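Remarks on the overall topology
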Amino acid sequence: MADSSKKMQIVFASAECAPFVKTGGLGDVAGSLPAALVRAGAEVIVMVPKYATIKDEYKAQMEHFSDFYVSLGWRNEYCGLEKLEHDGVTYMFIDNERYFARDYPYGFFDDGERFAFFSKAITESLQHLPAGFECDILHCNDWQTALAPVFLREFYQGLPLYDRVKTVFSIHNVAFQGQFSDTVMEDILGVAHIPAAASQLRCDACSINYMLGALRYADAITTVSPTYANEIQTPEFGEGLDGVLRERSYALQGILNGIDVAGFDPATDKRIAANYTVEDRSGKAVCKAKLQEELGLEVRDDRPLMVMVTRLTRQKGMDLVMYALDRILSGGVQVAVLGTGDRDYEDGLRYFQDKYPGTMAARIEFDPALSQRMYAAADMFLMPSKFEPCGLSQIIAMRYGTLPIVRETGGLKDTVQPYNEFTGEGTGFSFSNFNGDEMGDAVFRAARLFWDNRDAWNQLVTQAMSQDFSWTRSADKYLDLYFFMHPEIERPAAVVDEPEAAPDPVAAEEPKAEEKPVEAETVKTDPKVKVEATPEPEPEVKPAAKPAAKKTTTRKTTAKKATASKTTAAKTTTTRKRTTATAKKAAEAEAAPEVMAEVAETKPAAKAPAKTTAKKSTASKTTTAKKSTVAKSTKSKAATTKAAAKPASKVEETPVEAKPTAKTTTRKRTTTAKKTTAKTTTPKAETKPAAAKEEPKAEVKAKPAPKAAEVKAAPKATVKPEPAKETPVSPAAPAKEKAPSKKTSVRKATATRKRR
C-alpha cells in the first residue's frame, strides 16, 4: 500500500546550478526545477561542486554539515558537505579544493578524474544526508554526473540504504559525452576488474564514454524535449549513441524545460527601459526606440527589428545567417546580434555592420543586461539552430512579446507553433530544412506580416505572450516519472488533482451513453402498463420523447423513427378524420381518435380499389424487419387520447373480423388478413422472446384483453391508408400522408416480426 506519510525524497546532482555557477542551460534547469519540485510537495537536496568561482556572499552562508573520504581507484580523497538553504531548497556543496578550486568549471586536463570524483562523492554522500532523509530518486544530469548510476550499481548494490534508490539520467546535450582514455577505468574508476562495467563503459578499442555508462545503468532516461528524444535515436543526431538509445527507448522520454516566469516578466523587469504587459504593450515601443538609439540603428517603428542572442557557432545556424544576411538587410529588416564564438562568424558580422550602417549592429561580447534589453525591444528573434535539445532563448523571447523565427528541430519545434495565415493560430515562424534560402523566406514572411497586417501581428504577439512555460508544468511531468518508479509512495492530492481532472469527465460520459437506452426502455414500457389508467399517460409520454432523442448517439435509426412517429401522429389523425368523413360512427370517432382511426381503416380497406390493396399487401411483404420502438411510441401516443377503454374495445372487435371479410377479394388480401388476425392473438409474447421492450405487451393483454387487441389492431389498421402510394386515393391531403410513410413501414415491419 502507498505510504501517505512519506514524501518523495530526491537528490538532484548537477555540475552547475544558478545562481551559484552557470555556463549554460544546465545551470538554469538545476536552479529552477528543484524549487518547483519542492513547491509540488517533494523534498529535494541539490548537490553541486563547491567551485572557487562561487560568490563570497553565498560561501558565507554555507555551514559545514559533514565530511568523509571517498575512494577513487587507489586514491582516498577528502569530501566535505557544505549546506546552504536558498529559496526553500537545500543545497549540498561537494568540497574538495584539489579538484574544484579552479577559476572555471570545465576545460582542464583532469576533467575525467574531477567529475569521476564528483559522481563517487554523490553516491557516498547518500549515507551522510540529514536525519530523516532517505534518498528515493537520484537524478543525474549530463556526463559530469553520469558515473553515479554505475558506481551505485557496482559498489553499493545490496546495502539497505541503497536498495530503494532509483536513478534518473537527463541528457541536456548528447554531443557532450565525456570520452576519455580507457586507462582511467582502472586508475581512477576502479572497475576494470568488473567485466560488466568495463564492457558497458567502453565505446571503442581504446576509450570509454561516461554518458554511455549512464544510459546503460540508469533506471530511466530523460531529455529536455519530446522531439529531441526522438531525434537522438537517429544516426544524424545521436552522436554515436543512437544504437543504445534505441535499445533503451522504452525508458527514454522527453520533458520540456521551463523558465523562471517571475525573473523574466516584462511587467516587473527592472533591466528594461519600460515595463509592459500583454494588455498594454506601449512600453515595448519605448524599449525598441531606446535600443535602436543605443545600438546606432535608425530609430524607426515602421521597420521590424530582428535580434540574435547566441554563441557564434555552426550548431546555432550561423552558416545560414552568413548566407542570408545580405538579403535580409537589403530587404529593410534591421538586425542586431549579441554573442561570441568562432572568429570567422565574428568577422562576418563586423563586415555586415560596416556595409549596412544604421541597419546592422553587431556586439561581439557577452552582456547579460544587454541581452535582456534586446529580448524586450525586438520584434523578431532569430534562432536557426542545426540542432537544439530544448533552447530557452525562444521561450524568453515569447515571454517578452518577441516572435521567434526558428528551425523545426528539437525543443524549437515543441515550443514554437508556426503561424497559420488562414486560422490565425501560432506563436512564431519556422522553417524545416537547414537551408539559408528557407530561413530567409521565413524572415520575410514575418516581416511581410509586420508591414501588411498589423492586427494579425498584434494577435500573434498576444498568443506568444500568453503561453505557459513555467517550471510547474515541467515539475509535474518529472513527478509523474518519480512516482511511477516508486508506486509505494502516495502522491500529494494537490499534485494529482490536475492530471486526473481530465479523465473524470470522460469516465462520467461513458456510463451515460450506456444508461440512456435503459432509461428509454423503461419509460417506453411504463406508458404501456399505464394504458389502463387514462389520467396518467400524458406525463409518461413526454419523458419518452427525451430518451428517443438521446438515443441518437448509439441508435440513430431508432431515434429518427421515434421522432417521426410522434411528429406525424397529429397529421395521421387529421387525415383519418378526412377519410372517415363519410363514416357511420362519426360521433364515436370524435370522442375516441383510436376508434375513429380503426373504423377509418376498415372502410377504406373495403372501398379502396383492388390496386391499392394489392400495393399495400406487397409493401407489407417486402418491408424488412425494423425495431419496434416506434410502434411503442405510437402506442403511448394513442394512450394519451381521452377515449374510454370500453368503447374502443368494442369497436376493435368488429374491425378485426371485418378485415378478413374485406380482404377476401384477392389472394393478397386474404394473406394479409391472416397475418393481422395472427398478430391479434394472445400468444404474441411467446413469438417475441428477444426484446425486453415487448414483454410489457403481454402484461397489458393479460389485464384488459380487448385493449391489447386495440393497441395492436390500431397500428395494423393505420399501416394501410398511410403509404405514399395511396396518394391517388386521397388527393385532398397528399402532403400530410407523405410523412406517415415511415410510420406505416415500421408497423408493417413489426407485423412481419410478430409473424416470425
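In short, a report on the structure. (Residues numbered from 1 in each chain as written. Predicted model: local features only at pLDDT ≥ 70, side-chain atom pairs only at ≥ 80, totals over all residues. Heavy atoms only, no water.)

**Structural notes on the overall build of the protein chain**
- Helix and strand counts for the protein chain come out as 36 helices and 18 strands.
- The 756 residues of the protein chain split such that 55% are buried.
- Here the analysis covers contacts within the protein chain between residues at least 6 apart in sequence; of these, 72% occur between residues at least 24 apart.
- Of the roughly 32,900 Å² of accessible surface on the protein chain, a fraction of 53% belongs to carbon and sulfur atoms. (Helix = DSSP H or I, 4+ residues; strand = E, 2+ residues; numbered from the N terminus. Buried < 20%, exposed > 50% of the residue type's maximum accessible area, 1.4 Å probe, protein only. Contact = heavy atoms within 4.5 Å. Areas by Shrake-Rupley, 256 points an atom, 1.4 Å probe, with all protein chains shown as cover.)

**Looking at the pairing of strand β1 (residues 9-13)**
- Most of β1 sits out of view: five of its five residues are buried.
- The alternating pattern of β1 places Q9, V11 and A13 and I10 and F12 on opposite faces, both of which are buried.
- Pairing geometry for β1 and strand β2 (residues 43-49), over five bridges, is parallel. Among the inter-strand pairings, F12 is bridged to a residue of β2, identified as V46. (Pairing = 2+ DSSP bridges.)

**Side note on the sheet that holds strand β8 (residues 179-181)**
- Strands sit in the order β8-β10-β9 across an open sheet of three strands; the sheet is antiparallel. Edge positions in the sheet fall to β8 and β9 (202-204), since each of these pairs with one other strand and no more. Across this sheet, the average inter-strand angle for adjacent strands is 40°, counted without regard to direction.
- Direction of pairing for β9 relative to strand β10 (residues 207-209): antiparallel, over a ladder of two bridges. Among the inter-strand pairings, D204 is bridged to a residue of β10, identified as S207.
- Here helix α9 (residues 210-217) sits on the sheet and contacts β8, β9 and β10; the angle it forms with β10, its principal contact strand, is near 50°. (Axes fitted to C-alpha atoms, helices over the stretch in contact; angles between N-to-C directions.)

**Here's the deal with the packing of helix α1 (residues 25-39) against helix α20 (residues 471-485)**
- Contact geometry for α1 and α20: axes closest at 9 Å, N-to-C directions at 70°. Taken together, the axes of α1 and α20 lie roughly perpendicular to each other. Every residue of α20 that contacts α1 at D28, V29, S32, L33, A36, L37 and R39 is listed here: W471, T472, A475, Y478, L479 and Y482.
- When the residues that make up the contact of α1 with α20 are grouped by side-chain class, the tally is nine nonpolar, two polar and two charged. (Parallel < 35°, antiparallel > 145°, perpendicular 65-115°, else oblique. Nonpolar A, V, L, I, M, F, W, Y, C, P; charged D, E, K, R; others polar.)

**Considerations on the pattern of salt bridges**
- This model, assessed by the stated rule, comprises 28 salt bridges.
- The residue E388 makes a salt bridge to K316 at a minimum N-O spacing of 3.1 Å. One end of the pair, E388, is in the loop between β16 (380-383) and α16 (393-399); the other, K316, is in the loop between β13 (305-309) and α13 (318-330), and 72 residues separate them in sequence.
- The exposure class of E388 is buried, given its relative accessible area of 6%. (Salt bridge = Lys/Arg side-chain N within 4 Å of Asp/Glu carboxyl O.)

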